[in-house]
Amino acid sequence: MIYVLITTVAACSSGIGNPTAGDILSDNPNADILQWDGIVYSNVNDAEYVRELGHEPVEKLGEIERQSGSRWFFRDRSATHLPEGTNIFNVNKGGIYYLIGVADDEEIVYRALVEG
């Protein structure tokens, strides 16, 4: 007699690609993130390497349009901690991987959360 064992493996759909705001907020509902042009950025202002690089705002890209902690309705120009109207700038160093939010005269550096 020959027995055949068939095994079905379910693949995880979130295994490839950049993390979404929903992914981040599911793991950490208090995360300080923003989304810009489809990419989620996380606050890295307290990281030592950020101070060493000396990021400075260069060109205003726009403003935060909504503050939200909802993983279901988070979209471009949304932020969890930055208030509506916060100016968002690109930076002098780090290219598209960093943005700066300027709120109440405080500069807050955000880093892109990208795979690869």
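So, how was this worked out
Residues numbered from 1 in each chain as written. Predicted model: local features only at pLDDT ≥ 70, side-chain atom pairs only at ≥ 80, totals over all residues. Heavy atoms only, no water. Core = buried A, V, L, I, M, F, W, Y, C linked by side-chain atoms within 4.5 Å. Buried < 20%, exposed > 50% of the residue type's maximum accessible area, 1.4 Å probe, protein only. Helix = DSSP H or I, 4+ residues; strand = E, 2+ residues; numbered from the N terminus. Contact = heavy atoms within 4.5 Å. Pairing = 2+ DSSP bridges. pLDDT = per-residue confidence, 0-100. Salt bridge = Lys/Arg side-chain N within 4 Å of Asp/Glu carboxyl O.

## Re the nonpolar core
Ranked by size, the top nonpolar core spans 12 residues in total: Leu34, Trp36, Tyr41, Ile64, Ala79, Leu82, Ile88, Leu99, Ala103, Ile108, Tyr110 and Ala112. When residues of this core are traced back to their parent elements, those giving at least two are strand S1 (33-36), strand S7 (98-103) and strand S8 (106-112). When sequence neighbours within four positions are dropped, the list of residues in contact with tryptophan 36 reads Tyr41, Leu61, Gly62, Glu63, Ile64, Asp76, Arg77, Ile88 and Leu99. Grouped together as the second largest cluster of nonpolar side chains are seven residues, Ala21, Leu25, Ile33 and Val40 included.

## Quick look at the sheet that holds strand S2 (residues 39-43)
Ordered in space as S3-S6-S7-S8-S2-S1-S5-S4, the eight strands form an open sheet in which the pairing is mixed. For this open sheet the edge positions go to strand S3 (57-63) and strand S4 (66-67), each flanked by a neighbour on one side alone. With four bridges connecting them, S1 and S2 associate as antiparallel partners. Bridge assignment links tryptophan 36 to a residue of S2, and that residue is isoleucine 39.

## Concerning the confidence of the model for the chain
Reading fine detail from the predicted coordinates is not recommended where pLDDT is low. This prediction gives the chain a mean pLDDT of 86; 85% of its residues lie at or above 70. The secondary structure element of the chain with the lowest average pLDDT is helix H2 (residues 48-53), at 86, and the one with the highest is strand S5 (residues 78-79), at 98. Segment residues 3-14: pLDDT under 50, and zero contacts once partners within four positions in sequence are set aside and those in other chains are kept.

## With respect to unusual backbone geometry
Here the phi dihedral of aspartate 37 falls at roughly 50°; this positive angle occurs in a residue that is not glycine. By the secondary structure assignment, aspartate 37 is in the loop between S1 and S2. Phi angles above zero are rare outside glycine, and aspartate 105 is one such case at about 60°. Exposure remark for aspartate 105: the relative accessible area of 80% places this residue in the exposed category.

## Focus: the environment of tyrosine 41
Relative to the elements of secondary structure, tyrosine 41 occurs in strand S2. Judged by relative accessible area, which is 5%, tyrosine 41 ranks as buried. Residues tyrosine 41 and alanine 21, spaced 20 residues apart in sequence, show a C-alpha to C-alpha distance of 9.0 Å. When residues no more than four places from it in sequence are discounted, the contact partners of tyrosine 41 are Asp32, Ile33, Leu34, Trp36, Ile96, Tyr97, Tyr98, Leu99, Tyr110, Arg111 and Ala112.

## Observations regarding the pattern of salt bridges
What the rule picks out here adds up to three salt bridges. Of the charged contacts, one joins glutamate 63 and lysine 60 as a salt bridge, the two residues approaching to 3.3 Å between their closest N and O atoms. Close ionic contact of arginine 77 with glutamate 65 constitutes a salt bridge, the shortest N to O distance being 3.8 Å. Pair noted here: arginine 77 is in the loop between S4 and S5 and glutamate 65 is in the loop between S3 and S4, with a separation of 12 residues, a long-range link. Overall, glutamate 65 belongs to the partly exposed group, its relative accessible area being 42%. If you follow the salt bridges from partner to partner, you end up with Glu65, Arg66 and Arg77 in one network.

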